[in-house]
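Below, each chain spelled out in residue letters.
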Amino acid sequence: MRRVTIRVAVAGATGRMGRLAIRLIGEADDLELHAALNSRSSLDEMLGADVVLDVTHPAASAAIVEFATGSGIPIVVGTSGWSSERVAEISQFVRGHDDAGPVLFVPNFSIGSVLGTAFAALAAPFFDSIEIVEAHHAGKVDSPSGTAVRTAELIGEARGDAGPVAAPHADQRARGQLVSGVPVHSLRLSGISAEQRVIMGGEGETLTISHSTGSQSAYEQGILLALRRAPESTGVVVGLDALLDLGIPGSAA
């Protein structure tokens with residue numbers, strides 16, 4: 001049987017993640033680079049692709065997602081800065097248009113990071129004190145990170161009847177930003193790639209779920225998985241966990 005080749009348009013091709021994706025596409029037998037878009041490219045260059053990978057900037061991402069969905073092209077969104085409210089707006093548009101392209105929002109392509117978030121959601125109902133500390137390189141423009149937002153949202157959902165997380169003195173600026181009721185603290189430092197710690201406190205004990213990324217190779221497996229699965233997906237899906245079948249609630253929007 002003839003192997004089906006997936007044509008990929010990469011938006012943000014000159015950035016770190018874009019260059020990584022282009023290398024992976026070039027090395028894969030079942031993927032083909034359809035277009036490499038930079039900030040000066042016309043969005044029309046995406047037309048004809050089987051899937052778009054958006055690894056751009058929060059300010060540019062919305063227009064790319066709207067163009068792809070409106071053109072019926074599946075898109076994988078690896079750009080941070082998408083709030084649950086903005087994702088809900090895209091979900092409403094896709095549900096209302098039968099010819100709209102599906103969207104896969106991926107806050108983090110690292111399998112280890114996805115598992116760390118899953119473990120945090122699993123433990124969340126058993127601890128009332130929960131805070132997140134995330135650290136990224138100094139060049140990351142958004143905070144909190146998309147991974148931290150996703151983790152906080154799943155913690156909030158997982159707690160259910162347990163109620164909101166205890167967040168004393170949350171009105172003080174040094175206490176971090178509340179996301180789904182969970183305090184999130186962001187660090188932007190030279191010498192760091194990506195780290196996240198979810199710290200849970202209980203009577204006489206603490207549980208810390210920590211993940212760190214040492215190199216971009218951590219993202220390779222997740223990028224390939226998303227590109228291969230996006231063309232056959234439907235609607236709007238949030239999180240790589242939905243493709244790994246981890247049983248985390250809230251994966252589909």
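Data block above holds the structure.
Residues numbered from 1 in each chain as written. Predicted model: local features only at pLDDT ≥ 70, side-chain atom pairs only at ≥ 80, totals over all residues. Heavy atoms only, no water.

Caption draft 1: Inspection of the sheet that holds strand β10 (residues 205–213) at higher detail. Taking strand neighbours across the sheet as the criterion, the 5 strands line up as β7-β8-β6-β9-β10 in an open arrangement whose pairing is mixed. Two strands in the sheet have a free side with no partner beyond their single neighbour: β7 (177–179) and β10. Pairwise comparison of adjacent strand axes, ignoring direction, gives a mean angle of 25° for this sheet. Across the sheet, helix α4 (residues 111–123) touches β9 (194–202) and β10, and the angle it forms with β10 is around 165°. Where helix α5 (residues 146–159) meets the sheet, it contacts β6 (129–136), β7, β8 (182–188) and β9, and its direction lies at approximately 165° from that of β6. (Pairing = 2+ DSSP bridges. Helix = DSSP H or I, 4+ residues; strand = E, 2+ residues; numbered from the N terminus. Axes fitted to C-alpha atoms, helices over the stretch in contact; angles between N-to-C directions. Contact = heavy atoms within 4.5 Å.)

Caption draft 2: Structural view of helix α3 (residues 84–96). Across its 13 residues, α3 extends 18 Å between first and last C-alpha, which sits within 8% of the 18 Å expected from 1.5 Å per residue. Here α3 has its buried residues at Val87, Ile90, Ser91 and Val94. Projection of α3 onto a plane perpendicular to its axis shows the buried side chains occupying an angular sector of 105°, all on one side. The outward face of α3, more than 90 degrees from its buried face, is lined by the exposed residues Glu85, Glu89, Gln92 and Gly96. Where α3 is buried, its residues contact α2 (58–70), β5 (103–105) and β11 (236–238). (Expected span 1.5 Å × (residues − 1). Buried < 20%, exposed > 50% of the residue type's maximum accessible area, 1.4 Å probe, protein only. Arc of directions from axis to C-beta.)

Caption draft 3: The arrangement of the nonpolar core in detail. The biggest cluster of nonpolar side chains holds 29 residues, and the ones touching the most others in it are Val8, Leu31, Leu53, Val76, Phe109, Ile223 and Leu227. Those residues in contact with Leu53 that lie beyond four places of it in its chain are Val8, Ala9, Val10, Ala11, Ala21, Val76, Phe109, Ile223 and Leu227. (Core = buried A, V, L, I, M, F, W, Y, C linked by side-chain atoms within 4.5 Å.)

Caption draft 4: Structural detail: the packing of α4 against α5. Running from N to C, α4 and α5 point in directions that differ by 25°, and their axes come no closer than 8 Å. Put simply, α4 runs roughly parallel to α5. As α4 packs across α5, the resulting crossing turns out to be right-handed. Across from Ser113, Thr117, Ala120 and Ala121 in α4, the residues of α5 making contact are Thr147, Thr151, Leu154, Ile155 and Ala158. (Parallel < 35°, antiparallel > 145°, perpendicular 65-115°, else oblique. Left-handed = near helix turned anticlockwise from the far one by under 90°.)

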